[in-house]
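Structure assessment
In case you want the letters, here they are:
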Amino acid sequence: MSLRTIVIDPHPTLRKLAKKVTQFDDQLHTLIDDMIETMQEAPGVGLAAPQVDISQRVIVVQFGDEEDFEAPQQLYAVVNPRISSFSEEIVLGVEGCLSIPGLVGEVQRPFAATIEGVDRDGAPLTIEAEGWLARIFQHEVDHLNGVLFTDHALRVWHADDDEVDDDI
């Protein structure tokens, strides 16, 4: 495994529609392993292949229990993910992004989502996610569609500022 370079907005790969994965081979496995290592080193809770300048529909997510921070984190690697359903409940949360360092913003997203895709070997999987886990998956799937959290944000500000800057 090796660390990959995380590209920064306005890198053009971040705005492209990522390509569907059709080859489930060692090259894909290496990409997924490298993405996991890169995400953990960053550190982050999610990473999409376009963020490491690979235009493929691959995401990795690592997140624990919102109520029990001592609980072990669950690691997900999803190939060709799509969100098949959303809850009607919409919640506001603060998001940041490894490809937009230093900025955070308030984003409204559905509280729950169902994510469908396949694992690294092409086996189907379905993930029912709620709360922050659902938010992370939605954020990462957005990356595969060339969408950044700032496109959805109601307000954006510098992470180290107490004041919100609506003009960013």
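Notes on the structure follow. Only a predicted model underlies this, so the values are computations on that prediction, with no experimental measurement involved.

1. Considerations on the overall build of the chain
The helix and strand tally for the chain stands at three helices and eight strands. For the chain, the α and β elements follow one another from N to C terminus as α-β-β-β-β-β-β-β-α-α-β. Summarising its shape, the C-alpha atoms of the chain cover approximately 45 × 30 × 30 Å along the three principal directions. In the chain, buried positions account for 45% of the 168 residues. Within the chain, contacts between residues separated by at least 24 positions form 65% of all contacts whose residues are at least 6 apart in sequence.

2. A word on the layout of surface pockets
Put simply, the largest pocket is a space of about 300 Å³. Taken together, 15 residues make up the lining of the largest pocket; nearest its centre are Val45, Glu95, Gly96, Ile136 and His139. Those elements that place two or more of their residues in the lining of the largest pocket are strand 4 (90-96) and helix 2 (131-144). Looking at the lining of the largest pocket element by element, the count peaks at five residues for helix 2. Grouping the amino acids of the lining of the largest pocket by side-chain chemistry returns seven nonpolar, five polar and three charged. Here the second largest pocket defines a volume of roughly 200 Å³. Its residues assigned to classes, the lining of the second largest pocket comprises four nonpolar, four polar and three charged.

3. A few points about the sheet that holds strand 4
Pairing within the open sheet is antiparallel, and its three strands lie in the order 4-5-8. Unpaired on one side and paired on the other, strand 4 and strand 8 (155-158) mark the two borders of the sheet. Each strand of the sheet is rotated relative to its neighbour by a mean of 25°, with strand direction disregarded. As judged from the seven bridges shared by strand 4 and strand 5 (residues 103-110), these two strands associate in the antiparallel manner. Following the sheet pairing, Gly96 is matched in strand 5 by Val104.

4. A look at the sheet that holds strand 7 (residues 124-130)
Strands sit in the order 1-2-3-6-7 across an open sheet of five strands; the sheet is antiparallel. Where the open sheet ends on each side, the last strands, each with one partner, are strand 1 (46-48) and strand 7. Taking each pair of neighbouring strands and ignoring which way they run, the sheet shows an average axis angle of 40°. Helix-sheet contacts for helix 1 (residues 26-41) involve strand 1, strand 2 (58-63) and strand 3 (74-86), and the interaxial angle to strand 2 is about 40°. Packing of helix 2 onto the sheet brings it into contact with strand 1, strand 2, strand 3, strand 6 (112-118) and strand 7, and relative to strand 2 it is tilted by some 160°.

5. Comments concerning the environment of Ala49
Its location among the elements puts Ala49 in the loop between strand 1 and strand 2. Exposure remark for Ala49: the relative accessible area of 0% places this residue in the buried category. C-alpha of Ala49 to C-alpha of Ile8: the two residues are 41 residues apart in sequence and 13 Å apart in space. With residues near it in sequence (within four places) discarded, Ala49 still touches Leu31, Met35, Ile54, Gln56 and Val58.

6. Quick notes on helix 1
Given a rise of 1.5 Å per residue, 16 residues ought to cover 22 Å, and the 22 Å separating the end C-alpha atoms of helix 1 matches this to within 8%. Restricting attention to buried positions, one finds in helix 1 the residues Leu28, His29, Leu31, Ile32, Asp34, Met35, Ile36, Thr38 and Met39. Where helix 1 is buried, its residues touch strand 1, strand 2 and strand 3.

7. Examining the packing of aromatic side chains
Inspection of every chain in the model, using the stated rule, returns one aromatic pair. A centroid spacing of 5.3 Å and a plane angle of 75° characterise the contact between Tyr76 and Phe137, whose relative ring orientation is edge-to-face. Here the residue Tyr76 occupies a position in strand 3, and Phe137 occupies one in helix 2, the gap between them amounting to 61 residues. As far as burial versus exposure is concerned, Tyr76 and Phe137 are alike and both buried. When the ring centre of Trp132 is taken as origin, the NZ or CZ atom of Arg135, which lies over that ring, is 5.2 Å away.

Here is what the cut-offs are and how they apply
- Residues numbered from 1 in each chain as written.
- Predicted model: local features only at pLDDT ≥ 70, side-chain atom pairs only at ≥ 80, totals over all residues.
- Heavy atoms only, no water.
- Helix = DSSP H or I, 4+ residues; strand = E, 2+ residues; numbered from the N terminus.
- Buried < 20%, exposed > 50% of the residue type's maximum accessible area, 1.4 Å probe, protein only.
- Contact = heavy atoms within 4.5 Å.
- 1 Å grid on protein atoms, 1.4 Å probe; cavity = no way out; pocket = protein on both sides within 12 Å on 5 of 7 lines; lining within 4 Å.
- Points joined across faces, edges and corners; volume = space filled by probe spheres on them.
- Nonpolar A, V, L, I, M, F, W, Y, C, P; charged D, E, K, R; others polar.
- Pairing = 2+ DSSP bridges.
- Axes fitted to C-alpha atoms, helices over the stretch in contact; angles between N-to-C directions.
- Expected span 1.5 Å × (residues − 1).
- Phe/Tyr/Trp six-rings, centres within 6.5 Å; stacked < 30°, edge-to-face > 60°.
- Lys NZ or Arg CZ within 6 Å of the ring centre and 35° of its normal.

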